[in-house]
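Chains, contacts and geometry: an overview
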Amino acid sequence: MSIASMPHTQLDERYSDKDAAAVPWPTAVSQLTEAELYWLTTVRPDARPHVTPLIGVWADGALHFCTGPDERKAENLRANPNVVLTTGTNSLHRGLDLVVEGEATRVTDSGRLRTLATAWETKYGAQWHFDVGDGVFVNPEAGEAAVFAVSPRTVFGFGKAPYSQTRWRFA
């Protein structure tokens, strides 16, 4: 990652132990890449939040996920593309929790979808094999899935032991 693409990093001392330091962005990227499960928050048309766990792939500076066209999250995204994705641990005294804020945009380019389909199968195994159809993932048993990319606007990292809150802002 070039210096030009590095986010502005800031430790929020109000919510951090006195001996805490800002978490380096490459550490957050490593966790976003390796995480097996993410929680996606979308907004329903009546403004109520909707949260669901899902799998995803970090690639080319964005977190990617897919959903069936008739699922609640897909319906929500048609009306409001702003999302939050979270991942981390359920431990109070170890680990790093991450909150990614951004806008979900459809990925429809066939070449990009083929690359992402390979990444999904590499990360999650053959049961997550996707073929590429007309702007979608296709699984013979599950049907079609729209693929979305979330390039972060802001990411928050909540470190534990020591406790810290790091914010990464993207231009």
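Residues numbered from 1 in each chain as written. Predicted model: local features only at pLDDT ≥ 70, side-chain atom pairs only at ≥ 80, totals over all residues. Heavy atoms only, no water.

**Structural notes on helix H3 (residues 110–124)**
When the terminal C-alpha atoms of H3 are compared, their 21 Å separation across 15 residues agrees well with the 21 Å that a helix rising 1.5 Å per residue should span. Here H3 has its buried residues at Leu113, Leu116, Ala117, Trp120 and Tyr124. Considered in projection along H3, the buried side chains sweep an arc of 105 degrees and stay on one side of the axis. Facing away from the buried side of H3, by more than 90 degrees, are the exposed residues Thr118 and Thr122. By the N-cap criterion, in which a side-chain oxygen at the helix start approaches the backbone nitrogen of a residue two or three places on, H3 is capped by Asp109, the distance to Gly111 being 3.2 Å. At the C-terminal side of H3, Gly125 shows a positive phi close to 100 degrees. (Helix = DSSP H or I, 4+ residues; strand = E, 2+ residues; numbered from the N terminus. Expected span 1.5 Å × (residues − 1). Buried < 20%, exposed > 50% of the residue type's maximum accessible area, 1.4 Å probe, protein only. Arc of directions from axis to C-beta. Polar contact = N/O pair within 3.5 Å; in protein donor to acceptor, adjacent residues only side chain to side chain.)

**What about the side chain of Thr166?**
Note that Thr166 resides in strand E11 (residues 164–169). Residue classification places Thr166 among the buried residues on the basis of a relative accessible area of 0%. A distance of 3.0 Å separates a polar atom in the side chain of Thr166 from the backbone nitrogen of Val23. Ignoring anything within four residues of it in the chain, the contact list for Thr166 reads Thr9, Gln10, Leu11, Ala21, Ala22, Val23, Val155, Phe156 and Gly157. (Contact = heavy atoms within 4.5 Å.)

**As for the nonpolar core**
Judged by nonpolar contacts, the single largest core of 40 residues is most densely connected at Trp25, Phe65, Leu85, Trp120 and Phe137. Going through the elements one at a time, helix H1 (25–34), strand E2 (38–43), strand E4 (57–59), strand E5 (62–67), strand E6 (82–87), strand E7 (96–107), H3 and strand E10 (143–159) are the ones with two or more residues in this core. Tallying contributions element by element places E10 first for this core, with 7 residues. Aside from chain neighbours lying at most four places away, what touches Phe137 is Cys66, Leu113, Leu116, Ala117, Trp120, Phe130, Asp131, Gly143, Glu144, Ala145 and Val147. (Core = buried A, V, L, I, M, F, W, Y, C linked by side-chain atoms within 4.5 Å.)

**So, unusual backbone geometry**
That bond from Ala161 to Pro162 is cis: its omega, 0 degrees, falls within 30 degrees of zero. Its place among the elements puts Pro162 in the loop between E10 and E11. With phi around 80 degrees, Ala47 is a residue other than glycine that occupies positive phi space. Mapped onto the secondary structure, Ala47 falls in the loop between E2 and strand E3 (49–54). A positive phi angle, close to 60 degrees, is found at Ala161, a residue other than glycine.

**Observations regarding the packing of aromatic side chains**
Under the defined criterion, the tally for this structure stands at 9 aromatic pairs. Plain terms: the ring middles of Trp25 and Phe170 are 5.1 Å apart, the flat faces sit at 75 degrees to each other, and that makes the pair edge-to-face. Separated by 145 residues along the polypeptide, Trp25 in helix H1 and Phe170 in the segment after E11 bring together distant segments of the chain. Trp25 sits in the buried class, given a relative accessible area of 2%. (Phe/Tyr/Trp six-rings, centres within 6.5 Å; stacked < 30°, edge-to-face > 60°.)

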